[in-house]
Amino acid sequence: MLISFHYTVHTSLDVVEEKISGVGKALADQRELYLGLLYPTEDYKVYGYMTNSKVKFVIVVDSSNTSLRDNEIRSMFRKLHNSFTDVMCNPFYNPGDPIQSKAFDSIVSTMMVQAF
Amino acid sequence: PLKHNSELFTLTYGALVTQLCKDYENDEEVNKQLDKMGYNIGVRLIEDFLARSSVGRCHDFRETADVIAKVAFKMYLGITPSVTNWSPAGDEFSLILESNPLVDFVELPDNHSNLVYSSLLCGVLRGALEMVQMAVDVRFAQDTLRGDNVTEIRMKFIKRIEENLPVGDE
């Protein structure tokens, strides 16, 4: 189960690359961090968000969940971005390490429970 | 007084602590170094404090406690801890900090369970009070970073310092 998530997320990273580099000038001018729906698969919908520092956030939602609106996803990404910033500000955190922050985990869990 | 965003201050202190952790590889030693640095800051900061706050000489330790909590902490850290837990002899009290700008965003990793992250504050208080002829002992009794609900600094009056003893850097 976990492996298939990893696979889905990995594939979506390629789509992120496409989205930010492929569309040429029009997209490069956009200051939008939210990348929207990356690609729908049979089982999941995958949404992307990339910061100016090239940090990518990916949210994977069950396809059967049709009640989640675009602005709710956007707000989830904003919360993730803010929590991530707090993790980065922990002087004991080395950028690139897996995140082991209790505060971050609790915000993510709360967010996932609230969404469904 | 200018209002600064405290993130640079918080991150600077964090960088200092983590560098010390790398240099000394021993939590107790890092605590000592932070305390020493704090002391060197305190013996200087007291002059700035006395000049800016125009507080008169404190008549007793209770007055000192109030000045520390309501004037000094407010001036330098923007917080006002509460003064509680006085000893019967009136020579020891606690400062309870609900928040502490030094520790914003900080989470102690498991391998630093003996680190008293804000040890600098103990040294600052000790150094500052020494310059007004008071020898005190300052330590953290509770620390939110180590799982307690509040942060508690315990201050104990040791003795009055005679004016003609020279005081230098540690």
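The model shown is predicted, which means the values in this text are computed figures rather than measured ones.

1. Focus on the overall build of chain A
Within chain A one finds four helices and three strands. When the helices and strands of chain A are placed in sequence order, the string is α-α-β-β-β-α-α. The buried share among the 116 residues of chain A stands at 34%. Relative to all contacts within chain A whose residues are 6 or more apart in sequence, the contacts with residues 24 or more apart total 39%.

2. Some thoughts on the sheet that holds strand 1 (residues 82-84) of chain B
Residues and elements named next belong to chain B. Read from one edge to the other, the open sheet built from four strands follows the order 1-2-4-3, with strand pairing classed as antiparallel. This sheet does not close on itself; its edge strands, each paired only once, are strand 1 and strand 3 (134-142). Strand after strand, the sheet turns through a mean of 25° between neighbouring axes, direction not considered. Pairing between strand 1 and strand 2 (residues 92-97): three bridges, direction antiparallel. Looking across to strand 2, one finds that Val-83 is bridged to Leu-95. Sheet strands touched by helix 3 (residues 61-77): strand 1, strand 2, strand 3 and strand 4 (151-160). Its angle to strand 2, the strand with the most contacts, is close to 15°. Together, strand 3 and strand 4 form the strand contacts of helix 4 (residues 119-130), whose direction differs from that of strand 3 by roughly 160°.

3. With respect to the confidence of the model for chain B
On average, residues of chain B score 93 in pLDDT, and 94% of them reach the 70 mark or higher. For this predicted complex, the interface confidence comes out at an ipTM of 0.82, alongside a pTM of 0.85.

4. What about the pattern of salt bridges?
The tally for this structure, following the rule as stated, stands at nine salt bridges over all chains. With its nearest N and O atoms 3.3 Å apart, the salt bridge here joins Asp-70 of chain A to Arg-74 of chain A. Of this pair, Asp-70 of chain A and Arg-74 of chain A both sit in helix 3 (residues 70-88), four residues apart, which is roughly one turn of the helix. For Asp-70 of chain A, a relative accessible area of 40% corresponds to the partly exposed category. The closest approach of N and O atoms between Lys-32 of chain B and Glu-29 of chain B, which form a salt bridge, is 3.6 Å. With Lys-32 of chain B and Glu-29 of chain B both in helix 2 (residues 27-53) and three residues apart, this pair spans about one turn of that helix. On the basis of relative accessibility, which here comes to 53%, the residue Lys-32 of chain B falls in the exposed class. Judged by relative accessible area, which is 25%, Glu-29 of chain B ranks as partly exposed. Each of Asp-91, Glu-92, Arg-154 and Lys-156 of chain B takes part in a single network of salt bridges with overlapping partners.

5. Some words on the sheet that holds strand 2 (residues 44-50) of chain A
Residue and element names in this part refer to chain A. The three strands lie next to each other as 1-2-3, forming an open sheet whose pairing is antiparallel. Taken across any chain shown, the strands that pair with only one partner, and hence form the sheet edges, are strand 1 (34-40) and strand 3 (56-62). With strand direction ignored, the average angle separating the axes of adjacent strands in the sheet is 25°. Judged from the seven bridges that link them, strand 2 and strand 3 form a sheet pairing that is antiparallel. Note on strand 3: the bridge partner recorded for Tyr-47 is Ile-59. Sheet contacts for helix 3: strand 1, strand 2 and strand 3; angle to strand 3, the most-contacted strand, approximately 140°.

6. Examining the packing of helix 3 of chain A against helix 4 (residues 102-115) of chain A
Residue and element names in this part refer to chain A. With their axes 10 Å apart at the nearest point, helix 3 and helix 4 run at an angle of 170° to one another. Taken together, helix 3 and helix 4 sit at an angle that is classed as roughly antiparallel. Between helix 3 and helix 4, the contacting residues are Met-76, Lys-79, Leu-80, Ser-83, Phe-84 and Val-87 on the first element and Phe-104, Ile-107, Val-108, Met-111, Gln-114 and Ala-115 on the second.

Thresholds, definitions, all that
Residues numbered from 1 in each chain as written. Chains lettered and ligands numbered in written order. Predicted model: local features only at pLDDT ≥ 70, side-chain atom pairs only at ≥ 80, totals over all residues. Heavy atoms only, no water. Helix = DSSP H or I, 4+ residues; strand = E, 2+ residues; numbered from the N terminus. Buried < 20%, exposed > 50% of the residue type's maximum accessible area, 1.4 Å probe, protein only. Contact = heavy atoms within 4.5 Å. Pairing = 2+ DSSP bridges. Axes fitted to C-alpha atoms, helices over the stretch in contact; angles between N-to-C directions. pLDDT = per-residue confidence, 0-100. Salt bridge = Lys/Arg side-chain N within 4 Å of Asp/Glu carboxyl O. Parallel < 35°, antiparallel > 145°, perpendicular 65-115°, else oblique.

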